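A closer look at the structure
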Amino acid sequence: MAAAEQNITFVFEGVDKKGAKVKGEISNKTEAGAKAQLRKQGINNPVVRKKGVGLGFLKGGGKVTPMEVAIFTRQMSTMMRAGVPLLQSFDIVADGSQNPKLKEVILGLKQHVEGGNGFADALLKYPQYFDNLFVSLVAAGEQSGALETMLDRVAIYKEKSEALKLKIKKAMKYPISVLAVAAIVTIILLVKVVPTFAELFGSFGAELPKPTQIAIDMSKWMQSWGLLAGLILGGVGFAFGEAKKRSKALRDSLDKLYLRLPIVGDLVLKATVARYSRTLATTFAAGVPLIDALKSCADAAGNVVYYNAIMKIRDDVATGQQLTFAMKQTGIFPPMAVQMTSIGEEAGSLDGMLDKVATYYEAEVDNAVDGLTSMMEPMIMAFLGIVVGGLMVAMYMPIFQMGKVVGG
C-alpha cells in the first residue's frame, strides 16, 4: 500500500511496434521505471514526463530569455565534456530547468535528435531561441567531431554577449526608473496636494506669489487635461513603437542618431565594436570561412551603420583585400581595434587577437556604464530637488509671507 502511494502518474508519447505514434498515461515510482515499463509493452523511444508538465512542445505561454539559452548551452557543454551522451545530456539539463517553457524546448530538441536529425538541424526548429550564428557554430562542431568544444565556445560567446547587453540596460534602467518615480510623485502632488492648499489660499483674499500661482495653474491644468494628455502620450509612444517595428528607414535613422549623441554615442560604439570582435573571434576560431564569419558579424552588430560597414568589409575581403585594410577604409573602427587586428593577421592568430579586442572593449563598456551612472546620480538628484522641492516651496510661500505679516 505504501509503495502504491508513492507511485506517480506520468504522461507519455512513443512509437508502437507497427510504427504508429501512441500517447497516454502510466503510473510508476520513477521516470526511468515508467520508460522501462513502456519498453516492455513494446513502445519504443518513449518520452515521459510527470502529468501536468506537458509534452506539446512549444505550446502554451511563457518565454525563454537569451540568458537562459546561454545557461542551457553552458550546461550542455559541461555534460558533454564530462562524457555524458547527447540524448542523456538533454534529459539531465531539462530536469534541472526551472522554466517549463525551456524544459519543453530542450525535450523538443531531444525528440528531433532521437528522430535521426543532427543537433544543428534540431536547433533550426526553434529559430526564436537559436539564431543562425548559434546553429552554424553547432553545425561546425558536429562536422568536425568536436561538438563539446564548440558548445563551450558558443556558451562563452552567449555569456559575453548577454553580459554586454545587461551592462547597457543597467546604464539606462536607473535614470529611467528614478525619473518615472519623480513623474508619479509630481502628478500626485499636483492632483491631490496642491488643490488642498489652493482652497486654503482662497480664504486669504490676498494676491498669491508668482511661483504659487504657477503651481496652482499647473494643478488645474493637470486635473482638467491630465488624463487626455496621458492618453495622447501613450498613443504617441505606441505609434512610435509600431512605426519602429515596421519602418526600416526609421530604425536606420535612430541607429545613426545614437552614434551622434554625446556620451551615449561612445557607449554604443564600444558595445558594437565589442560585439563585432567577439563574434568574429568565435566564428573564425570555429573554422567558419572569413566571408561567412563577417556576414554573421554584420547581423550581430546591432547598428545599421556598422552593418553596412561590415558588409562593405566583406565585399572588400572577397576581392582579396586584407581585413585590416578593409576595416581601416570604413573609417568607423577605433584605431586600437584596427591595429590589434593587423597584428593578429600578421602573426596568424587573428581569433586570439580579436578575442583580446573584444575583452578590452567589453571592459570599456563596463567602465563607461559605471561612469555614466555616477555622473547622472547628482543630476537626477538635482532634478528631483528642483521639481518636487520647488512645488513644496511654492505651496508654503504664502504661509511664510503671512507669518512675516503677522510677526510684523
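Since the structure is predicted, the reported quantities are computational estimates derived from the model, not experimental observations. (Residues numbered from 1 in each chain as written. Predicted model: local features only at pLDDT ≥ 70, side-chain atom pairs only at ≥ 80, totals over all residues. Heavy atoms only, no water.)

A closer look at the confidence of the model for the protein chain
In this model, the protein chain carries an average pLDDT of 83, and 92% of its residues clear a pLDDT of 70 or more. Put simply, helix α1 (residues 2–6) is where the protein chain has its lowest mean pLDDT, 46, and helix α13 (residues 304–318) is where it has its highest, 93. (pLDDT = per-residue confidence, 0-100. Helix = DSSP H or I, 4+ residues; strand = E, 2+ residues; numbered from the N terminus.)

Notes on the packing of helix α8 (residues 147–202) against helix α9 (residues 210–246)
At a minimum axis distance of 9 Å, the contact between α8 and α9 shows a crossing angle of 120 degrees. One way to sum up the angle between α8 and α9 is to call them oblique. The handedness of the crossing between α8 and α9 is left-handed. For the pair α8 and α9, the contacting residues are Ile187, Leu190, Val191, Val194, Pro195, Ala198 and Phe201 in the first and Thr212, Ala215, Ile216, Met218, Ser219, Met222 and Gln223 in the second. (Axes fitted to C-alpha atoms, helices over the stretch in contact; angles between N-to-C directions. Parallel < 35°, antiparallel > 145°, perpendicular 65-115°, else oblique. Left-handed = near helix turned anticlockwise from the far one by under 90°. Contact = heavy atoms within 4.5 Å.)

Considerations on helix α11 (residues 264–285)
Given a rise of 1.5 Å per residue, 22 residues ought to cover 32 Å, and the 32 Å separating the end C-alpha atoms of α11 matches this to within 8%. Across the 22 residues that make up α11, a large majority, 16, are buried. Immediately beyond the C-terminal end of α11, within one or two residues, lies glycine 287, with a positive phi of roughly 90 degrees. (Expected span 1.5 Å × (residues − 1). Buried < 20%, exposed > 50% of the residue type's maximum accessible area, 1.4 Å probe, protein only.)

Some points on the pattern of salt bridges
Side-chain pairs of opposite charge can arise where the charged atoms are in close proximity. The full count for this structure, using the stated rule, is 14 salt bridges. A salt bridge links aspartate 152 to arginine 81, with the nearest nitrogen and oxygen atoms 3.8 Å apart. Here arginine 81 lies in helix α3 (residues 66–81) and aspartate 152 lies in helix α8, a separation of 71 residues in the sequence. Aspartate 152 sits in the buried class, given a relative accessible area of 18%. Ionic contacts of the salt-bridge type, sharing partners, join the residues Arg74, Arg81, Asp152 and Glu159 into one network. (Salt bridge = Lys/Arg side-chain N within 4 Å of Asp/Glu carboxyl O.)

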